[in-house]
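# Descriptive structure summary
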Amino acid sequence: MTLNSTVIVRDQGFSSEDWQGAFTPLEEATAQTDALDMPANADPDTVALAGLRIIRIPFASFADGRGFTLARSLRLRGYTARLRASGHVIADQYAMARRAGFDEVEISAELAARQPEDQWLARANWQAHDYQARLRGTA
Amino acid sequence: MYKYTEFDTAFLAERNAQFRAQVERRIDGSLTEDEFKPLRLMNGLYLQLHAYMLRVAIPYGTLNSAQMRQLALLAVKWDKGYGHFTTRQNIQYNWPLLRDVPDMLDALAEVGLHAIQTSGNTIRNVTADHFAGAAADELADPRPVAELIRQWSTDHPEFQFLPRKFKIAVTGSPNDRAVTRAHDIGLRMVERDGETGYEVIVGGGLGRTPMIGQVIREFLPRGDLLPYLEAIVSVYNLLGRRDNKYKARIKITVHENGIETIRDLVETRFETLKTAFNGADQALLAQIEPQFAAPDFVAKDTAPYDRAYATDPVFRAWADTNLTAHRQADHAIVSISLKAHGATPGDATADQMRLMADLAAKYAYDELRISHEQNVILPHVARADLPAVHAALKTAGLATANIGLISDIIACPGMDYCALATARSIPIAQEIATHFDALKLEHDIGPLKIKISGCINACGHHHVGHIGILGLDRAGVENYQITLGGDGTEDAVIGERAGPGFAAEDLLPAIERLVRAYLELREGRDETFLDAYRRLGVAPFKAALYPEARDRHAA
Ligand code: HEM
Ligand code: SF4
């Protein structure tokens, strides 16, 4: 793993990038786009979803929680393909990301070194202890 | 009272274990200071002027005696023997050590208490009317729904990193004791055509830009509450400003976008979110409700009360100020003043907490409440037992007869504890209280709310004080601005600035001039300071505050 490569975090732990194609920025997206970079200030209700196989939502700072609402909104619209949070997401937010509808988190190698795999796996039990699941009858 | 389910207990244990690990990960460098900060804040841990401060939630203001005893234990074991009750139904410990905090949280969990979301850019612990379940004027007990909101907002995955803090208050009574119009969301339980629901108020707040909340939905059916709240907070999460923390509260979002735009966005989002709820939340609410059922009130002859009232003037003075009508005529609501003249408003020692716990267990069906006025309440006491309660309170310095009077002051921690303070506020409160006590004027003056903040952030609610005092820093010198006519009840009004501020040593004489002017101007004892102010306007009070200006005009 080189220093500028990124790490993909899922419930099973760390893995390397397995999405082969390039991501298209929202303003360049066409009907053929299958991998979309959706900025944090996008309107989740108007983004065209047809044909998309993966959407990536950036976190410029872990303290900017817009991405969680964006993810939830896309899921509520019926988007079922891959959804990825990327950038400054910390291990402590992994359960929030999963509960909000993300499938995976993409972090830098530097962050992965500072917060190693065990710290993320400690939050892989995101389906447990979830008030929302109780209140929505999905527990 | 609400009893934790197995789910709640397991959640809290897991949460505390997570925080314990976060403290260790901060120490080993896994978490940067920047990253640790919001994590400790969402677990109630602040960094103050001298030390850490732990802010513990009193859920919607309700405690039982075992919980109160545990609060006393924390004060003794990990602090300097006292705690500070705040204006948002929290208790703060001012001197804990970082390494002890995980143990403190575990000790709280033993009695179903926590410090979750008492701080940080999250939905804060929801507050409610402190007379809930006891007041004679109540339409419905707000606590079951406050508990539902606690569950919904706790660890809500979307809302742990909002633009700014977010405060929700609920009242079930037309007389608003929960200051709902000064909250990010205020909920008033109302009835329409026999159906119960909520009036939803949004965008209120104090702080440096005080605003009174606006009605976003006049009537929201009960069952729609959670999706509607979720709609408001998610609209705010995307729209709220993140470029300037002073413009980040929802009151500014509402102000900048207009209530109509916000309402449209919320209603649209609500339509979608409704489909994400299937009634499981209402089923949970139905399980919560019976847990707040009133205790079986024991009928007792009120003779001991009548006798004490007739013969003991000290008891009578206390009964006149510190009791409120209970829905059960042979019972009363007792407010225990944490404002002894000269003491720090809101502070209670461990011994005092234990005494109050004992009284609750013996005389008050095991219930206590914390008010946003920083006092402790025994919500249900048989009138027959009041002389005994009063006698016991006297032994611990807790029988001050000043509820609602000039010395029942709300003051923020100010320069004594707070890193943001620009002036002292606790000592000012102490001076005012001892001064008017010495003058023996307090009971003659009658209901008067003084509220003091040590900086523009307004933690002391000065904007809604009948007399508000704001401590500022003018070129290194403390300067106190006075506002007049504020009101935090259902008629909420932001006070009006009276004029130039006063130096610390000139403040007390100015307050005295103001109060003496009121005593001269009032039509009788029935006309309170606020009533007189509303009748006469600001002019005569300004004249009393600034006699030099009047004299200059006359010259
Ligand atoms: C000593 C540490 C404290 C600090 C550093 C602090 C900090 C702040 C800040 C920065 C604000 C303004 C936030 C904004 O408007 O966005 C604020 C508001 C507020 N704080 Fe504090 N505070 C402290 C203690 C307290 C205490 C002890 C109380 C209760 C007695 C309290 C209750 C409040 C309330 C009620 C507001 C009102 C503004 C509103 O939310 O609309 N705070 N605080
Ligand atoms: S009003 Fe200012 S001084 Fe007082 S507690 Fe709040 S931030 Fe501190």
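Residues numbered from 1 in each chain as written. Chains lettered and ligands numbered in written order. Predicted model: local features only at pLDDT ≥ 70, side-chain atom pairs only at ≥ 80, totals over all residues. Heavy atoms only, no water.

## Here we look at the overall build of chain B
Formally: Each helix is a run of H or I in the DSSP string that is no shorter than four residues. Each strand is a run of E no shorter than two, and both are numbered from the N terminus. Atoms counted for the radius of gyration: C-alpha only. Globule rule: 2.2 Å times residue count to the power 0.38. Here's how the labels work: a residue is buried when its accessible area is under 20% of the maximum for its type, exposed when over 50%, partly exposed in between, all with a 1.4 Å probe on protein chains only. The criterion used for residue contact is that any of the two residues' heavy atoms lie within 4.5 Å. Here, Shrake-Rupley sampling with a 1.4 Å probe gives the accessible areas, and only protein chains in the shown set may cover a residue. By the counting scheme adopted, Arg and Lys are positive, Glu and Asp are negative, and His together with the chain ends is not counted. Taken as the charge location is NZ of Lys, CZ of Arg, CG of Asp or CD of Glu.
When helices and strands are counted, chain B shows 19 helices and 21 strands. Against the globule reference of 24 Å for 555 residues, chain B gives a C-alpha radius of gyration of 23 Å, in line with a compact fold. In terms of overall dimensions, chain B has C-alpha extents of about 70 × 60 × 55 Å along its principal axes. Within chain B, the fraction of its 555 residues that count as buried is 62%. Within chain B, residue pairs in contact and separated by at least 24 positions form 66% of the contacts whose partners lie at least 6 positions apart. Taken as a whole, chain B presents about 20100 Å² of accessible surface, with 52% of it coming from carbon and sulfur. Taken together, the 60 basic and 72 acidic charged side chains of chain B have centroids lying 4 Å from each other.

## Comments concerning the site of ligand 2
How we decide: Here a residue is considered near a molecule or strand provided that any single heavy atom belonging to it is located within 4 Å of it. Residues were grouped as follows: Ala, Val, Leu, Ile, Met, Phe, Trp, Tyr, Cys and Pro as nonpolar; Asp, Glu, Lys and Arg as charged; and all remaining residues, including Gly, as polar.
The full set of residues close to ligand 2 is B:Cys412, B:Pro413, B:Gly414, B:Cys418, B:Leu420, B:Ala421, B:Gly454, B:Cys455, B:Asn457, B:Ala458 and B:Cys459. Within the shell around ligand 2, the residues separate by chemical class into eight nonpolar, three polar and no charged.

## Some thoughts on helix α2 (residues 33–41) of chain B
Since one α-helical turn is 3.6 residues long, residues separated by three or four positions face the same way. Buried within α2(B) are the following residues: B:Glu35, B:Phe36, B:Pro38, B:Leu39, B:Arg40 and B:Leu41. Buried positions along α2(B) lie against α3 (109–114) of chain A together with α1 (6–27), β1 (45–47) and β2 (52–57) of chain B.

## Observations regarding the site of ligand 1
Residues and elements named next belong to chain B. Put simply, the test is: In protein, a polar contact means a hydrogen-donor-capable atom and an acceptor-capable atom, both N or O and within 3.5 Å, with residues adjacent in sequence counting only if both atoms are side-chain atoms; elsewhere, any N or O pair within 3.5 Å suffices.
Taken together, 21 residues lie near ligand 1, and Gln 48, Thr 87, Lys 167, Leu 206 and Cys 459 sit nearest. Between ligand 1 and Lys 167 there is a distance of 2.7 Å, counted from an oxygen atom to a side-chain nitrogen or oxygen. Its residues placed into classes, the shell around ligand 1 shows seven nonpolar, eight polar and six charged.

## Quick word on the pairing of strand β1 (residues 6–10) of chain A
Residue and element names in this part refer to chain A. For clarity, the cut-off: Criterion used throughout: strands pair if DSSP finds at least two bridges between them.
Where β1 and strand β7 (residues 104–108) come together, four bridges link them in antiparallel fashion. Counterpart to Thr 6 in the pairing with β7 is Ser 108. Bridging between β1 and strand β2 (residues 13–16) involves four bridges; their strand directions are antiparallel. Counterpart to Arg 10 in the pairing with β2 is Gly 13.

## Details of the interface of chain B and chain A
Basically, it comes down to this: We define buried area as the total accessible area lost by two parts upon association, computed with a 1.4 Å probe and summed across both. When a carboxyl oxygen of Asp or Glu is within 4 Å of a side-chain nitrogen of Lys or Arg, the pair counts as a salt bridge.
Each partner contributes to the interface: chain B provides 44 residues, whereas chain A provides 34 residues. When the two sides are added together, the surface that chain B and chain A hide from each other amounts to roughly 3500 Å², 57% of it contributed by carbon and sulfur. The largest contributions to the chain B side of the interface with chain A come from B:Phe7, B:Pro157 and B:Phe161, which together make up 20% of the buried area. Across the chain B-chain A interface, the total number found is seven salt bridges. Between B:Glu230 and A:Arg72 there is a salt bridge; the shortest N-O distance is 3.5 Å. Elements represented by at least two residues in the side of chain B that touches chain A include exactly α1, α2, α5 (143–153), α6 (225–239), α8 (259–274) and α9 (280–288) of chain B. Counting residues per element, the side of chain B that touches chain A draws most heavily on α1(B), which supplies eight residues.

## Concerning the layout of surface pockets
Residue and element names in this part refer to chain B. Which entries qualify depends on this criterion: Method remark: on a 1 Å grid restricted to protein atoms, a set of points is classed as a cavity if a 1.4 Å probe fits but cannot get out and as a pocket if it is open with protein on both sides within 12 Å along at least five of seven lines; lining residues have an atom within 4 Å of a point. Grid points are joined across faces, edges and corners, and a volume is the space filled by probe spheres set on the points.
Approximately 870 Å³ is the volume found for the second largest pocket. The wall of the second largest pocket is formed by 37 residues, among which Arg 177, Glu 373, Lys 449, His 466 and Thr 489 lie closest to the centre. Elements with a contribution of two residues or more to the lining of the second largest pocket: α11 (313–322), β11 (323–325) and α17 (529–536). Counting residues per element, the lining of the second largest pocket draws most heavily on α17, at three residues. Classifying every residue of the lining of the second largest pocket gives 10 nonpolar, 15 polar and 12 charged.

## Considerations on the packing of aromatic side chains
All names here are of chain B. Put simply, the rule is: Ring pairs shown here join Phe, Tyr and Trp side chains whose ring centres sit within 6.5 Å, with only the six-membered ring taken for Trp; geometry is labelled stacked below 30 degrees between planes, edge-to-face above 60, and tilted in between.
In this structure the tally under the stated criterion is 22 aromatic pairs over all chains. Between Tyr 60 and Phe 292 the ring centres are 5.8 Å apart and the planes differ by 70 degrees, which places this aromatic pair in the edge-to-face class. Here Tyr 60 is found in the loop between β2 and β3 (62–64), whereas its partner Phe 292 is found in the loop between α9 and α10 (303–311), with 232 residues between them in sequence. Exposure class is identical for Tyr 60 and Phe 292. Each is buried.

## What about unusual backbone geometry?
All names here are of chain B. Of note, the phi angle at Tyr 365 is positive, near 55 degrees, even though the residue is not glycine. Looking at the secondary structure, you find Tyr 365 in the loop between α12 (350–363) and β14 (367–370). Residues other than glycine seldom take positive phi values, yet His 461 does so here, at roughly 60 degrees. Secondary-structure assignment places His 461 in the loop between β17 (450–453) and β18 (467–474). Accessibility expressed as a relative area gives 12% for His 461, which makes it buried.

## Considering the environment of B:Asp351
Relative to the elements of secondary structure, B:Asp351 occurs in helix α12. A sequence separation of 282 residues divides B:Asp351 from B:Arg69, and the C-alpha atoms of the two residues are 9.4 Å apart.

## Observations concerning empty space enclosed by the protein
Spelled out, the test is: Each domain span listed reflects an automatic or database assignment of domains.
For the coordinates displayed, the defined rule picks out five cavities of 30 Å³ or more. A volume near 240 Å³ is recorded for the largest cavity. Of all the elements in the fold, those that place two or more residues in the lining of the largest cavity are α2 (94–100) of chain A together with α1 of chain B. For the lining of the largest cavity, the element with the most residues is α1(B), which contributes six residues. The residue makeup of the lining of the largest cavity, split by class, is eight nonpolar, five polar and six charged. Here the second largest cavity is characterised by a volume of approximately 110 Å³. Taken together, 13 residues form the lining of the second largest cavity, with B:His114, B:Asn125, B:Val126, B:Arg150 and B:Thr154 sitting closest to its centre. In terms of residue class, the lining of the second largest cavity is made up of six nonpolar, five polar and two charged. A domain split of the lining of the second largest cavity shows at least three residues from each of domain 1 (1–120) and domain 2 (134–293) of chain B.

## Details of the packing of α11(B) against helix α13 (residues 386–394) of chain B
Residues and elements named next belong to chain B. As a reminder, the rule being used: Each axis is a line fitted through C-alpha atoms, taken for helices only over the stretch in contact, and angles between the N-to-C directions span 0 to 180 degrees. Under this scheme an angle from 65 to 115 degrees is roughly perpendicular, one under 35 degrees roughly parallel, and one over 145 degrees roughly antiparallel; angles in between are oblique.
The N-to-C vectors of α11 and α13 enclose an angle of 100 degrees; their axes lie 11 Å apart at closest approach. Here α13 runs roughly perpendicular to α11, going by the angle between their axes. Packed against α11, whose contacting residues are Val 314, Phe 315 and Trp 318, the element α13 presents Leu 386, Pro 387, His 390 and Leu 393 at the interface. The class makeup of the residues in the contact of α11 with α13 is six nonpolar, one polar and no charged.

## Concerning the domain arrangement of chain B
Residues and elements named next belong to chain B. Along its sequence, chain B is carved into domain 1 (1–120), domain 2 (134–293), domain 3 (303–395) and domain 4 (410–554). Inter-centroid distance (C-alpha atoms) of domain 1 to domain 3 is 28 Å. Of all residues in domain 1, Met 68, Arg 69 and Phe 85 bury the most surface against domain 3, accounting for 30% of the area lost on that side. Between the two partners, domain 1 and domain 3, sit one salt bridge. Residues Arg 69 and Asp 358 are paired through a salt bridge, measuring 2.8 Å at the closest nitrogen-oxygen approach. Between domain 1 and domain 3 we count 12 residue pairs in polar contact (both at pLDDT 80 or more) in total. For the side of domain 1 that touches domain 3, the per-class residue count stands at 12 nonpolar, 10 polar and one charged.

## Describing the side chain of B:Glu147
Residue and element names in this part refer to chain B. Note on placement: Glu 147 falls in helix α5. On the accessibility criterion, Glu 147 (1% relative accessible area) is buried. Here Arg 150 takes part through its side chain, which lies 2.9 Å from a polar atom of the side chain of Glu 147.

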